[in-house]
Amino acid sequence: MNVNIAPSWKHHLEQEFQQPYFQQLAQFIKAAYRQGPVYPPAKAIFRAFDLCSFEDTKVVILGQDPYHGPGQAHGLCFSVNEGVPMPPSLVNIFQEVHSDVGVPMPQHGSLEHWAQQGVLLLNATLTVQARKPGSHQKKGWETFTDAVIQAVAQEKEHVVFILWGAYAQKKADLVDATRHLILKSPHPSPYSADRGFFGNKHFSQTNQYLIQHGRKEIAW
């Protein structure tokens, strides 16, 4: 598997690529793509890292799995390419952005402009078999993405970690809350958004924290 990510990430994660678990993961992923279909496209597996370098990372939003429908996943959690209908969770995210900071509902569902401003849009599992959510869980991806979270948490200061839903919130144990801001709420899924995702004001809280620590706010 071609680990095509920003050089800064390669520097911080080089040890992971050499670990036996990652070699086994690579073999599993190669076989999965041969059998296909698997999402996102192979060239987009590490797109979140390509668009947001280690140096630029100031916010981490954690998802669980890529979208498992055709044409949806493109390597950024919750995001879809322009021209692809917005999934319900993403619609709810944009509704909260609008309510919180006044940004109008966009015409497309791509979050690349967030990534380019320093938002790492990280799924805990970076690939999935078509129409089978969770199919690539517990194959090694979680070990790798935990290492990503730990690298950011241990080697950077004043990063905002946004954790939506019970699964993401478990990752708070990897982050020192005295050095970073951890924001938690229910998941934006239609099944849980009304239980506290709406009104969480995570987007304004993130910007307030970044400004307090001398960093540029995110244009959500």
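For clarity, every value in this text was computed on a predicted model and none was experimentally measured.

Conventions adopted
Residues numbered from 1 in each chain as written. Predicted model: local features only at pLDDT ≥ 70, side-chain atom pairs only at ≥ 80, totals over all residues. Heavy atoms only, no water. Core = buried A, V, L, I, M, F, W, Y, C linked by side-chain atoms within 4.5 Å. Buried < 20%, exposed > 50% of the residue type's maximum accessible area, 1.4 Å probe, protein only. Helix = DSSP H or I, 4+ residues; strand = E, 2+ residues; numbered from the N terminus. Contact = heavy atoms within 4.5 Å. Salt bridge = Lys/Arg side-chain N within 4 Å of Asp/Glu carboxyl O. 1 Å grid on protein atoms, 1.4 Å probe; cavity = no way out; pocket = protein on both sides within 12 Å on 5 of 7 lines; lining within 4 Å. Points joined across faces, edges and corners; volume = space filled by probe spheres on them. Nonpolar A, V, L, I, M, F, W, Y, C, P; charged D, E, K, R; others polar. Axes fitted to C-alpha atoms, helices over the stretch in contact; angles between N-to-C directions. Parallel < 35°, antiparallel > 145°, perpendicular 65-115°, else oblique. Left-handed = near helix turned anticlockwise from the far one by under 90°.

Caption draft 1: Summary view of the nonpolar core. Core analysis: the biggest nonpolar cluster contains 65 residues, and Trp-9, Phe-49, Ile-61, Trp-114 and Phe-144 have the highest contact counts within it. No other element matches the seven residues that helix α6 (residues 141-155) contributes to this core. Sequence-distant contacts of Phe-144, defined by excluding residues within four places in its chain, comprise Leu-13, Glu-16, Phe-17, Tyr-21, Phe-22, Phe-46, Phe-49 and Leu-126.

Caption draft 2: Local environment of the pattern of salt bridges. What the rule picks out here adds up to three salt bridges. A salt bridge links Lys-171 to Asp-146, with the shortest nitrogen-to-oxygen separation between them at 2.7 Å. Residue Lys-171 is found in the loop between α7 (165-169) and β6 (181-185), and its partner Asp-146 is found in helix α6; the two are separated by 25 residues along the sequence. Among the ionic pairs, Arg-179 bridges to Glu-157, the shortest N-O distance being 3.3 Å. In this pair, Arg-179 is assigned in the loop between α7 and β6 and Glu-157 in the loop between α6 and β5 (160-164), connecting sequence segments 22 residues apart.

Caption draft 3: Representation of helix α8 (residues 202-212) in the model. Buried within α8 are the following residues: His-202, Phe-203, Ser-204, Thr-206, Asn-207, Tyr-209 and Leu-210. Considering only its buried residues, α8 is in contact with β2 (59-63), α4 (88-101), α5 (112-115), β5 and β6. Just downstream of α8 lies Gly-214, where phi reads positive at about 70°.

Caption draft 4: Examining empty space enclosed by the protein more closely. Per the counting criterion, the structure on display carries one cavity of 30 Å³ or more. Taken as a whole, the largest cavity holds about 70 Å³ of empty space. Considering only residue class, the lining of the largest cavity consists of ten nonpolar, four polar and no charged.

Caption draft 5: Quick peek at the packing of helix α1 (residues 7-18) against α6. Where α1 meets α6, the closest approach of the two axes is 10 Å, and the angle between their N-to-C directions is 135°. Between α1 and α6, the angle is such that the two are oblique. Crossing angle aside, the handedness with which α1 passes α6 is right-handed. Between α1 and α6, the contacting residues are Trp-9, His-12, Leu-13, Glu-16 and Phe-17 on the first element and Thr-143, Phe-144, Ala-147, Val-148, Val-152 and Glu-155 on the second.

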